[in-house]
Amino acid sequence: MSLIEQPATFSGQSASIRGDAGKRTRAQERLALFRETPAATVRRWVVGTAWALRPKRIGNLLPLARVSAGHLVGHGRSLPDPAKLGPQSEIAGLATDLSPAVLMEAYRRGLFPHGHLGPPKWVCPPTRAVVELNRFHISSRLRALMRQGRYRVTFDTDFEHVIAACAAPRRRWLNLTWITPPIMRAYARLFDEGHVHSFEVWNADGELVGGGYGVAVGRVFVIESQFFRESNASKIGFAVLAWHLAKWGFLLADNKWLTDATGRSGFHEIPRAAYLDRLARGAGEEPRPGRWETEADSRAVAGWRAGAGGEPGT
């Protein structure tokens, strides 16, 4: 999921104190977390098929068949150009190569991998839900909760458990997820290269209760998924992240699709062409290379009023 608060039912214990994970290497930890049981795979295919056949989604079957046929005959092996998509089309090709270089080039073109069944598809929706960081909105209720200081937010501390929790079954759609083990491994490689960043939200007991991850593409941050185990935890975490993105010189956060929750935070839809133009203008070197660390806690961020003279860091 993107910026949609959804309760995760992930049952594994998080590495709430990173030192406890010293008993196993990061590679071993990923091997244990980045997997899907046969039963979960069957559930994903069953629910995914039902999802694809919904009236609002069935229109994607013909474009999917077209790009699949093109891939088979060798015409769809290179990265597609989203500018050539039809006005209402969003599937541009099959994402069979998820190597770091190809994946980052896809993001620079406005593409991202998505899909519940079969190989991931290169997707670029007709509209994108974005927010200019100087227009990000924090509700009064959330500010009050942040001022209590009940949660601690960190960056790039526990990526493995964050993406595993994002991939966990959701109450609404059982086990319908596009975050499959190959996707998890692909984004882990991007995390190792410093392109993917996670945020973690910890409660007073040191438990991981919310978080999310995304991709830094120049001065644009593309949100991939979030989860929460305590109400509003991921909202607090993303508000802290938004403060830092604004302070570090990022221009835009991209949630891909608009939801009620994102709309209340200041996200709005722009046409694909406008998004690609904004992405190109924000291209170039990432303003914050390497691992990220927090420079302000939730209490400090609660006083930030974007666009009203309250610049981050002042």
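I will try to describe carefully the structure that is included in this document. Sequence positions are assigned chain by chain, starting from 1 and proceeding in written order. The predicted origin of the model limits local features to residues at a pLDDT of at least 70 and limits the giving and counting of side-chain atom pairs to 80 or more, whereas totals for whole chains, interfaces and linings rest on all residues. For the side-chain quantities, the full set of heavy atoms in the structure was used; hydrogens and water were omitted.

**Re the overall build of the chain**
Next, step 1: Secondary structure elements follow DSSP: runs of H or I no shorter than four residues count as helices, runs of E no shorter than two count as strands, and numbering proceeds from the N terminus. Tallying secondary structure elements over the chain gives 11 helices and 10 strands in all.
Next, step 2: To be clear on the numbers: accessible area is Shrake-Rupley with a 1.4 Å probe, and residue cover counts the displayed protein chains and nothing else. Accessible surface for the chain amounts to roughly 14,500 Å². Of this, 54% is attributable to carbon and sulfur atoms.

**Some thoughts on the sheet that holds strand 5 (residues 152-155)**
Next, step 1: For two strands to count as paired, DSSP must find a minimum of two bridges between them. A sheet is described by the order of its strands in space; here seven strands give the open sequence 5-6-7-8-9-4-10, paired in mixed fashion. Looking at the sheet topology across the chains shown, the edges are occupied by strand 5 and strand 10 (268-271). Sheet twist, expressed as the average angle between the axes of neighbouring strands with direction ignored, equals 35°.
Next, step 2: Here strand 5 runs beside strand 6 (residues 196-202); their pairing, made up of four bridges, is antiparallel. Residue pairing for strand 6: Thr154 is matched across the bridge by Glu200.
Next, step 3: Whether two residues are in contact is decided by their heavy atoms: any pair within 4.5 Å suffices. Think of each axis as a best-fit line through the C-alpha atoms, taken over the contacting stretch in the case of a helix, with angles from 0 to 180 degrees between the N-to-C directions. The sheet strands contacting helix 6 (residues 159-166) are strand 6, strand 7 (208-217) and strand 8 (220-228), and the helix crosses strand 7 at an angle near 100°.
Next, step 4: Packing against the sheet, helix 8 (residues 233-248) makes contact with strand 5, strand 6, strand 7, strand 8 and strand 9 (252-256), and its axis sits at approximately 165° to strand 8.

**Description of the packing of helix 1 (residues 26-33) against helix 6**
Next, step 1: Running from amino to carboxyl end, helix 1 crosses helix 6 at an angle of 5°, the nearest separation of the two axes being 10 Å. Accordingly, the angle class assigned to the pair helix 1 and helix 6 is roughly parallel. Here helix 1 contributes Arg26, Glu29, Arg30 and Leu33 to the contact with helix 6, which in turn contributes Glu160, His161 and Ala164.
Next, step 2: Class assignment of the residues belonging to the contact of helix 1 with helix 6 gives a composition of two nonpolar, one polar and four charged. For classification purposes, angles smaller than 35 degrees are called roughly parallel, those larger than 145 roughly antiparallel, those between 65 and 115 roughly perpendicular, and all remaining angles oblique. In this classification, the charged set is Asp, Glu, Lys and Arg, the nonpolar set is Ala, Val, Leu, Ile, Met, Phe, Trp, Tyr, Cys and Pro, and all remaining amino acids, among them Gly, are polar.

**Re the side chain of Glu132**
Next, step 1: Here Glu132 is to be found in strand 4 (residues 127-132).
Next, step 2: When near neighbours in sequence (up to four residues on either side) are disregarded, Glu132 contacts Leu251, Leu252, His268 and Arg278.

**Structural notes on the packing of helix 4 (residues 100-108) against helix 7 (residues 181-192)**
Packed helices, taken two at a time, are described by their axes: the angle between them and the distance between them.
Next, step 1: Packing of helix 4 against helix 7 leaves a shortest axis separation of 10 Å and a crossing angle of 85°. Taken together, helix 4 and helix 7 sit at an angle that is classed as roughly perpendicular. The residues of helix 7 that touch helix 4, namely those facing Pro100, Leu103, Met104 and Tyr107, are Ala186, Tyr187, Arg189 and Leu190.
Next, step 2: Here the residues of the contact of helix 4 with helix 7 are counted per class, giving seven nonpolar, no polar and one charged.

**Quick word on the nonpolar core**
Next, step 1: Core analysis: the largest hydrophobic core is formed by 47 residues, its most contacted members being Trp122, Phe159, Ile179, Tyr187 and Tyr213.
Next, step 2: Of all the secondary-structure elements, those providing two or more residues to this core are helix 4, strand 3 (121-123), helix 6, helix 7, strand 6, strand 7, strand 8 and helix 10 (272-281).
Next, step 3: Counting 36 residues, the second-largest nonpolar core is a separate cluster that includes Leu133, Leu145, Met146 and Ala216. Note on terminology: a nonpolar core comprises buried Ala, Val, Leu, Ile, Met, Phe, Trp, Tyr and Cys residues joined through side-chain atoms within 4.5 Å. The cut-offs for exposure are 20% and 50% of the maximum accessible area for each residue type, with area from a 1.4 Å probe on protein chains only; residues under the lower value are buried, those over the upper are exposed, and the others partly exposed.

**Section: the pattern of salt bridges**
Next, step 1: Any carboxyl oxygen of Asp or Glu within 4 Å of a side-chain nitrogen of Lys or Arg constitutes a salt bridge here. Enumeration according to the criterion identifies 11 salt bridges in this entry.
Next, step 2: Between Glu295 and Lys247 there is a salt bridge, with its nearest N and O atoms 2.9 Å apart. Within this pair, whereas Glu295 is found in the loop between helix 10 and helix 11 (298-301), its partner Lys247 is found in helix 8, the two being separated by 48 residues in sequence.
Next, step 3: The class of Glu295 is partly exposed, set by a relative accessible area of 37%.
Next, step 4: Its relative accessible area of 38% is what places Lys247 among the partly exposed residues.
Next, step 5: Salt-bridge contacts for Asp277 lead to Arg281; the nearest nitrogen and oxygen are separated by 3.1 Å.

**Points about the side chain of Glu224**
Next, step 1: With respect to the helices and strands, Glu224 occurs in strand 8.
Next, step 2: Within 3.5 Å is the distance limit for a polar contact, defined as a pair of N or O atoms, with the added protein rule that one can donate a hydrogen and the other accept it, and that residues adjacent in sequence qualify only through two side-chain atoms. A polar atom in the side chain of Glu224 sits 2.8 Å from the side chain of Lys256.

**Points about unusual backbone geometry**
Next, step 1: The backbone of Asn232 sits at a positive phi, close to 70°, despite the residue not being glycine.
Next, step 2: Phi at Lys256 is positive, roughly 75°, even though this residue is not glycine.
Next, step 3: Within the secondary structure, Lys256 is located in strand 9.
Next, step 4: In this structure Lys256 comes out as buried when scored by relative accessible area, which is 3%.

**Quick word on the sheet that holds strand 3**
Next, step 1: Strands sit in the order 1-3-2 across an open sheet of three strands; the sheet is antiparallel. The open sheet is flanked by strand 1 (91-94) and strand 2 (112-114), the only strands paired with a single partner. Taking the axes of each pair of neighbouring strands and ignoring which way they run, one obtains an average angle of 40° across the sheet.
Next, step 2: Sheet topology places strand 2 next to strand 3; three bridges connect them, and they run antiparallel. Paired with His114 across the bridge in strand 3 is Lys121.

So yeah, pure geometry; function would need other evidence.
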